[in-house]
Amino acid sequence: ILLLNRRSDEMQSLRPVVVAISGGVDSAVALLRLVREKRDVNGLFMRNWDLKDEVGEGCTSERDLAYAQQVCDRLRVPLHTVDFTKDYWNEVFLEMLEGFKSGCTPNPDVLCNKHIKFGSLLNHVETYFGQDHLIATGHYARTSDLSTHPVRLRMPLDRSKDQTLFLSQVKQRSLQKTLFPVGDTLKKNVRKEAVESGLGFVERKSESYGVCFIGERHFSSFLREYLPEKKGDVLDLETGEVIGSHNGVHFTTIGQHFALSGHSNPHVKKMKERAAFYVATKDASNNTLSVVFGSQHPALFHDSLRVNKFHWITESTPSELTETGTFECRTRFQNLGRLIACKVTTLQTGGFEIVLDRPERAVTPGQYCVLYMKSECLGSGQITQSFSLYDSIRRNNNSNFRHYSSSATLSISDAFCTQRKTFPVVHLC
């Protein structure tokens, strides 16, 4: 029996692999390691964006393809290309645009991994290479043994490069056939390995951040190519007074600094000179923004949110949540954001409420609430509502917000972390 198990493990580890090659150092070293294992390996470069649709400077896919080809040539691995532009447009890009139109702040990288890199890619590999093939990427993440089910998603050794948030919507079926060869290595050692193995040309290549199809442009400039401007009023959240105008709620996000146009109110003028207005709420149906003065204003901090639908990576709701209706773990909303202790509660109306141990700035609908238990990423759900500290402070007659929020010595978290029993809806997606 032990011999049979050992042979099964060996066959699992030596299954043929198709490596998603991006032209960067991480996927190059992932390929290098699999070649050294003497596997049957192929490289695959994905085209996800049609440069013909670009108005300005687009992404650098042709340059990335050249790097990918150079890596594969150096390692004597065949490189294939596949066009997923139609899939990307329909399943990622259009959904992202709809999110912005509705006043949300979507995360296209999460959608891309879910639908393209671990969806379309796996389907393509199974169809054209064979059902027995695994896929591999240069993501910084780890999984449990692929021979055990369900496969669990875990943080990488290098926590400063953790990409599990971006992988938090990947399906269990995909994880069961995915390898993350650099997940157990520090980034600096990945770079060193590339140089020592003759792949220094990708180590010197500048690292890409953000959404590839935007290139080097400002995100709002990119959106203007696809979403028209739509002027509306900017309101003072505290008074309801119209104090300016905006060019479209979809060009802003919660917590963002907002530059107001001219206004006759001397108080507003004085505050505008200090450049300290921030977006607190977005109302897409009425096309209005509400802003507050000061980056520490309580309307910018949230410690409760709701998620209508949650994707559990193991495809099973945690037993504690099923049995008791509550579950304590940790969460984050942005890649590499701090992990915050939280309590998850199942709502009778459906969905989940997540109450944070301490307030977090700018928790925004459209983002993903990603849950963790120790080093394991449990999955995520898209935020539909977030709740701020603003009205709870007003109920306690703390009305002098402008002086309060400009105080550099006051800690929002320390002052208000206990006031989270009932919160007003700040924005709804």
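Figured I'd write up the structure that's included with this text. (Residues numbered from 1 in each chain as written. Predicted model: local features only at pLDDT ≥ 70, side-chain atom pairs only at ≥ 80, totals over all residues. Heavy atoms only, no water.)

A short note on the pattern of salt bridges
Cut-off, in case you're wondering: Salt bridge, as used here: a side-chain nitrogen of Lys or Arg that lies within 4 Å of a carboxyl oxygen of Asp or Glu. Every helix listed is a DSSP run of H or I at least four residues long, and every strand listed is a run of E at least two residues long, numbered separately from the N terminus. Exposed residues in this analysis have more than 50% of their type's maximum accessible area, buried residues have under 20%, and partly exposed residues fall in between, with area computed by a 1.4 Å probe over protein chains only.
A complete count under the given rule lists 13 salt bridges for this structure. Here Glu193 and Arg33 are joined by a salt bridge, their closest N and O atoms 2.8 Å apart. Separated by 160 residues along the polypeptide, Glu193 in helix H7 (residues 187-196) and Arg33 in helix H2 (residues 25-36) bring together distant segments of the chain. One salt bridge connects Arg152 with Glu376, and the closest N-O pair in it is separated by 3.0 Å. On the criterion of sequence distance, the pair formed by Arg152 in the loop between strand E5 (142-143) and strand E6 (153-154) and Glu376 in strand E18 (residues 376-388) is long-range, its members being 224 residues apart. Overall, the relative accessible area of 31% leaves Arg152 in the partly exposed class.

Looking at the packing of aromatic side chains
The line we're drawing: Side-chain rings of Phe, Tyr and Trp, where Trp is taken by its six-membered ring, are said to pair if the distance between their centres is within 6.5 Å; with planes under 30 degrees apart they count as stacked, over 60 as edge-to-face, and otherwise as tilted.
Here the structure, examined in full by the defined rule, presents 15 aromatic pairs. Ring geometry for Trp49 against Tyr88: centres 6.3 Å apart, planes inclined by 80°, an arrangement best described as edge-to-face. On the criterion of sequence distance, the pair formed by Trp49 in the loop between strand E2 (41-47) and helix H3 (61-75) and Tyr88 in helix H4 (residues 85-101) is long-range, its members being 39 residues apart. A relative accessible area of 4% places Tyr88 in the buried class. When the ring of Phe310 is compared with that of Phe352, the centres are 6.2 Å apart and the planes differ by 80°; the resulting orientation is edge-to-face. Highlighted residues: Phe310 in the loop between strand E12 (301-307) and strand E13 (311-312) and Phe352 in strand E16 (residues 352-361), separated in sequence by 42 residues.

Brief notes about the nonpolar core
Short version of the rule: What we call a nonpolar core is a set of buried Ala, Val, Leu, Ile, Met, Phe, Trp, Tyr and Cys residues that are connected through their side-chain atoms within 4.5 Å. Whether two residues are in contact is decided by their heavy atoms, any of which lying within 4.5 Å being enough.
Counting 71 residues, the largest nonpolar core has Val19, Leu31, Leu121, Leu153 and Leu199 as its most contacted members. A per-element tally of this core places helix H5 (residues 108-128) first, with eight residues. Every residue in contact with Val19, bar those within four places of it in the chain, is listed here: Ser27, Leu31, Leu34, Val41, Asn42, Gly43, Leu44 and Ala136. Counting residues in each nonpolar core, the second largest holds 19 residues, with Phe310, Phe333, Phe352 and Ile383 among its members.

Description of the packing of H2 against H3
Test applied: Each axis is a line fitted through C-alpha atoms, taken for helices only over the stretch in contact, and angles between the N-to-C directions span 0 to 180 degrees. An angle counts as roughly parallel when it lies under 35 degrees, as roughly antiparallel when it exceeds 145, as roughly perpendicular when it falls between 65 and 115, and as oblique in every other case. By definition, any crossing whose near helix is turned counterclockwise from its far helix by less than a right angle is left-handed, and any crossing with a clockwise turn is right-handed. Amino acids outside the nonpolar list (Ala, Val, Leu, Ile, Met, Phe, Trp, Tyr, Cys, Pro) and the charged list (Asp, Glu, Lys, Arg) are all regarded as polar, and Gly is one of them.
Closest axis-to-axis distance for the H2/H3 pair is 11 Å, and the angle between their directions is 20°. Here H2 is positioned roughly parallel relative to H3, judged by the angle of their axes. Judged by the twist between their axes, the crossing of H2 over H3 is right-handed. Here Ala28, Leu31, Leu32 and Val35 of H2 lie close against H3, whose contacting residues are Val71, Cys72 and Leu75. Its residues placed into classes, the contact of H2 with H3 shows seven nonpolar, no polar and no charged.

Notes on the sheet that holds E2
Strands belonging to one sheet form pairs held by backbone hydrogen bonds; the direction of such a pair is parallel or antiparallel. Under the convention used in this document: Note on pairing: DSSP must find at least two bridges between two strands before they are called paired.
The strand order across the open sheet built from five strands is E3-E2-E1-E4-E7, with neighbouring strands paired in parallel fashion. The open sheet terminates on both sides in strands that have one partner only, identified here as strand E3 (79-83) and strand E7 (178-179). With five bridges connecting them, E2 and E3 associate as parallel partners. Opposite Arg47, over in E3, you have Asp83 as the bridge partner. Taken strand by strand, H2 contacts strand E1 (17-20), E2, strand E4 (134-136) and E7, and its axis lies near 160° from that of E1. Of the strands in this sheet, E1, E2, E3, E4 and E7 are in contact with H5, which crosses E4 at around 135°.

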